[in-house]
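# Chain and residue survey
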Amino acid sequence: MMMQQDMQQILFTQEQVAARVREMAAQISQDYAGKTPLVVGILRGSFIFMADLVRAMEVPLTLDFMVASSYGAGTVSSGKVKISLDLQEDIAGRDVLLVEDILDTGNTLSKLVAELKSRRPASLKLCVLLDKPERRTKPIEADYVGFTIPDAFVVGCGLDYNQLYRQLPYIGILKPSVYEHP
Ligand code: 5GP
């Protein structure tokens, strides 16, 4: 497949990701039975995971998106989070499920969670495809985690390097040479 030569290792194949996302959707559907959650995706990284997740969910739900980022062009977090597109929905009284591609240092998500909690949702849970607990600097954990991964820079399933590789249907570790000699 195109761009596979840029991968050092494939961590999770398309089939493994699809199977895990289906399991997560089943668990979430059970937990939200009788409710109509508002599923909030953080753009751009969550779009593929979120699309797969909600299509496998069996409760009625509504969707909204936010644009937030803490990464520039590099692979090291800048420590700042910027909300450049806010929600269209009022989340007061809603059961909000925040969906993100990856929980890394926790810097982005801890700030977003604090902001969203201040808007008084009935509940707020966090769902991430990937978790890198080794890198955490903020006291935040996700309620739903697809895969726990080691401290490596990964791409695919929505995750980018310099806006590339988001389309890859698997999760891969990029060869360091790709970002050391772009
Ligand atoms: P945090 O604020 O938790 O450090 O970082 C969250 C954001 O950093 C994620 O939404 C994602 O955009 C980016 N990020 C963190 N780790 C990785 C990674 O391994 N690969 C890619 N492509 N992005 C990452």
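Residues numbered from 1 in each chain as written. Predicted model: local features only at pLDDT ≥ 70, side-chain atom pairs only at ≥ 80, totals over all residues. Heavy atoms only, no water.

### Topic: the site of the ligand
Among the 17 residues in the neighbourhood of the ligand, the closest are listed as Thr105, Gly106, Thr108, Val154 and Asp160. Note that an oxygen atom of the ligand is positioned 3.0 Å from one of the backbone N or O atoms of aspartate 104. Interatomic distance of 2.6 Å between a backbone N/O atom of aspartate 160 and a nitrogen atom of the ligand. When residues of the shell around the ligand are traced back to their parent elements, those giving at least two are strand S5 (95–103) and helix H3 (107–117). Classifying every residue of the shell around the ligand by side-chain character gives six nonpolar, six polar and five charged. (Near = heavy atom within 4 Å. Polar contact = N/O pair within 3.5 Å; in protein donor to acceptor, adjacent residues only side chain to side chain. Helix = DSSP H or I, 4+ residues; strand = E, 2+ residues; numbered from the N terminus. Nonpolar A, V, L, I, M, F, W, Y, C, P; charged D, E, K, R; others polar.)

### Concerning the sheet that holds strand S4 (residues 82–85)
A sheet is described by the order of its strands in space; here six strands give the open sequence S4-S3-S2-S5-S6-S7, paired in mixed fashion. Strand pairing shows two members of the sheet lacking a second neighbour, S4 and strand S7 (144–148), which therefore form its edges. The mean angle between the axes of side-by-side strands here comes to 30 degrees, regardless of whether they run parallel or antiparallel. Two elements, strand S6 (residues 123–131) and S7, share four bridges in a ladder whose sense is parallel. Across the sheet, residue valine 128 finds its bridge partner in S7, namely valine 145. On top of the sheet, helix H1 (residues 14–31) reaches S5, S6 and S7; it is set at about 160 degrees to S7, its chief contact. Strand contacts of H3: strand S2 (38–43), strand S3 (62–69), S4, S5 and S6, with the helix running at about 170 degrees to S5, the strand carrying the most contacts. (Pairing = 2+ DSSP bridges. Axes fitted to C-alpha atoms, helices over the stretch in contact; angles between N-to-C directions. Contact = heavy atoms within 4.5 Å.)

### Points about the packing of aromatic side chains
In total, this model carries four aromatic pairs according to the counting rule given. Centroid distance phenylalanine 12 to phenylalanine 147: 3.8 Å. Interplanar angle 15 degrees. Geometry classified as stacked. Placement of phenylalanine 12 in strand S1 (residues 7–12) and of phenylalanine 147 in strand S7 is noted, with a sequence separation of 135 residues between them. Owing to a relative accessible area of 14%, phenylalanine 12 belongs among the buried residues under this scheme. (Phe/Tyr/Trp six-rings, centres within 6.5 Å; stacked < 30°, edge-to-face > 60°. Buried < 20%, exposed > 50% of the residue type's maximum accessible area, 1.4 Å probe, protein only.)

### Quick word on H3
Every buried residue belonging to H3 is among Asn107, Thr108, Leu109, Leu112, Val113 and Leu116, and all of these are buried. Residues of H3 that are buried make contact with S2, S3, S4, S5 and S6.

### A word on unusual backbone geometry
A negative phi angle characterises most non-glycine residues, just as the trans form characterises most peptide bonds. Of the consecutive residues leucine 43 and arginine 44, the connecting peptide bond is found in the cis state with omega at 5 degrees. Looking at the secondary structure, you find arginine 44 in the loop between S2 and helix H2 (47–55). Unusually for a residue other than glycine, asparagine 162 sits at a positive phi of about 55 degrees. For asparagine 162, the location among the structural elements is in the loop between strand S8 (154–155) and strand S9 (171–174). Judged by relative accessible area, asparagine 162 falls into the partly exposed class, the value being 39%. For glutamine 163, which is not glycine, the phi torsion reads 70 degrees and is therefore positive. Within the element layout of this structure, glutamine 163 appears in the loop between S8 and S9.

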